[in-house]
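Spelled out from the first residue to the last, the chains are:
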Amino acid sequence: MALDLYIEGFASCAQEPKPEDFSPWFEARRLRRVDGLSARLLLSACRALEMAGQPVTQEKPFGLSLGVGPGSLQNTCKFMDSILQDGDELSSPTAFAGSVHNAPGLTLSLFLNLRGPCVTSGQFNTSFGAALLTARAFLHNGMAPYVLLAVGDSLNPVARALNRQYPARLACTPAPDTAPVQAAAFLLSPQKTPASKARIM
């Protein structure tokens, strides 16, 4: 039997967030090592929780289902460049940490105090669908009362340029005219509440 889901809050972010965008919830110094993709996801998640009337920074048993395509390619390329320039012993640990697929999931869990299950799905064009199915499974199995569904990606400028030249070979990347980094977040509930905005069947 299908399980309906309800969207309690949602938000998106395509521009580089400024430190003051986070001022209702976090001090700017806490954000200094957060990469661009994670910052966009975090700002979207904060706004989605706020729209739903849920606490942003308090500890909560919510799950997190995150969908990314190729992940943060900019950080991956920065890390590879640092190996080529400085050798593997002096490569950038910050770029490496940001290149790991679940780095944004860790950032969201820590900043938002999420204590439920956390899964990152990286399946290119089907990442959103995979993350939605994961969120549905968390809720259907009673693993969390709410699930934060977050999706986003960051494209390397080289990948964007190649996508223009070879669209068939890079069909898994967004269209060349899309923003280089986009993020969105949705707070999902298995039951309709006074805060529910829409239903997913």
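Residues numbered from 1 in each chain as written. Predicted model: local features only at pLDDT ≥ 70, side-chain atom pairs only at ≥ 80, totals over all residues. Heavy atoms only, no water.

**What about unusual backbone geometry?**
Inclusion rule: Where helices and strands are cited, they refer to DSSP runs of H or I of at least four residues and of E of at least two residues respectively, numbered from the N terminus.
Positive phi is not limited to glycine here, since Asn-113 has a value of about 55°. Relative to the helices and strands, Asn-113 is located in the loop between α4 (103–112) and β3 (118–122).

**Some words on the pairing of strand β4 (residues 147–154)**
Spelled out, the test is: For every residue, the accessible area obtained with a 1.4 Å probe (protein chains only) is divided by the maximum for its type, and the residue is called buried under 20%, exposed over 50%, and partly exposed between those limits. Pairing between two strands requires that DSSP report at least two bridges joining them.
Among the 8 residues of β4, 8 are classified as buried, and the element is accordingly described as predominantly covered. Judged by which residues are buried, β4 turns out to be covered on both faces: Val-147, Leu-149, Val-151 and Asp-153 on one side and Leu-148, Ala-150, Gly-152 and Ser-154 on the other are all buried. Strand direction decides the pairing type here: strand β2 (residues 63–68) and β4, joined by 5 bridges, are parallel. In the sheet register, Ser-65 faces β4, and the bridge partner there is Leu-149.

**What to know about the pattern of salt bridges**
As a reminder, the rule being used: What counts as a salt bridge is simple: a side-chain nitrogen of Lys or Arg found within 4 Å of a carboxyl oxygen of Asp or Glu.
Going through the model one piece at a time under the given rule, you end up with 4 salt bridges. Here Arg-40 and Glu-16 are joined by a salt bridge, their closest N and O atoms 3.2 Å apart. Pair noted here: Arg-40 is in helix α1 (residues 36–51) and Glu-16 is in the loop between β1 (5–13) and α1, with a separation of 24 residues, a long-range link.

**Examining the nonpolar core**
Basically, it comes down to this: Side-chain atoms within 4.5 Å link the members of a nonpolar core, which is a set of buried Ala, Val, Leu, Ile, Met, Phe, Trp, Tyr and Cys residues.
Residues Phe-26, Leu-42, Leu-108, Leu-112 and Leu-148 are the most contacted members of the largest nonpolar core, which totals 31 residues. Listing elements by their share of this core, those giving two or more residues are α1, β2, α4, β4 and β5 (181–189). Among the elements that take part in this core, α1 stands out by supplying 9 residues, more than any other. The next biggest cluster of nonpolar side chains, apart from the first, holds 12 residues, and it includes Ala-135, Ala-144, Val-147 and Leu-149.

**Focus: α1**
What counts is decided by this rule: Multiply 1.5 Å by the residue count of a helix minus one, and that product is the helix's expected span. In protein, a polar contact requires one atom able to donate a hydrogen and another able to accept it; more generally it is a pair of N or O atoms within 3.5 Å, and residues adjacent in sequence count only if both atoms are side-chain atoms.
The first and last C-alpha atoms of α1 sit 23 Å apart over 16 residues, in line with the 22 Å expected at 1.5 Å per residue. Measuring from the backbone nitrogen of Leu-37 back to the side-chain oxygen at the start of α1 gives 3.1 Å, which picks out Asp-35 as the cap.

**Overview of the packing of aromatic side chains**
Put simply, the test is: Here a pair means two rings of Phe, Tyr or Trp (six-membered ring of Trp) with centres within 6.5 Å. Their orientation is stacked below 30 degrees between planes, edge-to-face above 60, and tilted elsewhere.
Within the structure shown, the criterion is met by 3 aromatic pairs. The interplanar angle of 50° and the centroid separation of 5.0 Å between the aromatic rings of Phe-62 and Tyr-146 together place this pair among those described as tilted. Taken together, the residues span a long stretch of sequence, with Phe-62 in the loop between α1 and β2 and Tyr-146 in the loop between α5 (127–140) and β4 at a distance of 84 residues. The exposure class assigned to Tyr-146 is buried, which follows from its relative accessible area of 17%. A centroid spacing of 6.3 Å and a plane angle of 65° characterise the contact between Phe-128 and Phe-186, whose relative ring orientation is edge-to-face. Placement of the pair is Phe-128 in helix α5 and Phe-186 in strand β5, with a sequence separation of 58 residues. Residue classification places Phe-128 among the partly exposed residues on the basis of a relative accessible area of 39%.

**Regarding the pairing of β1**
Taking burial as the measure, the 9 residues of β1 include 7 buried ones, the bulk of the element. Here β1 pairs with strand β6 (residues 198–200) via 3 bridges, running antiparallel. Looking across to β6, one finds that Leu-5 is bridged to Ile-200.

**Observations regarding the environment of Arg-199**
Threshold: Only heavy atoms matter for contacts: two residues are in contact if any of them lie within 4.5 Å across the pair.
Examined against the element boundaries, Arg-199 turns out to sit in strand β6. Note on Arg-199: relative accessible area 45%, which makes it partly exposed. Once the C-alpha coordinates of Arg-199 and Glu-8 are considered, the two residues, 191 residues apart in sequence, prove to be 9.2 Å apart. Contacts of Arg-199, omitting those with residues within four sequence positions, involve Asp-4, Leu-5 and Tyr-6. Reaching out from Arg-199, the side chain makes a polar contact with the side chain of Asp-4 at a distance of 3.2 Å.

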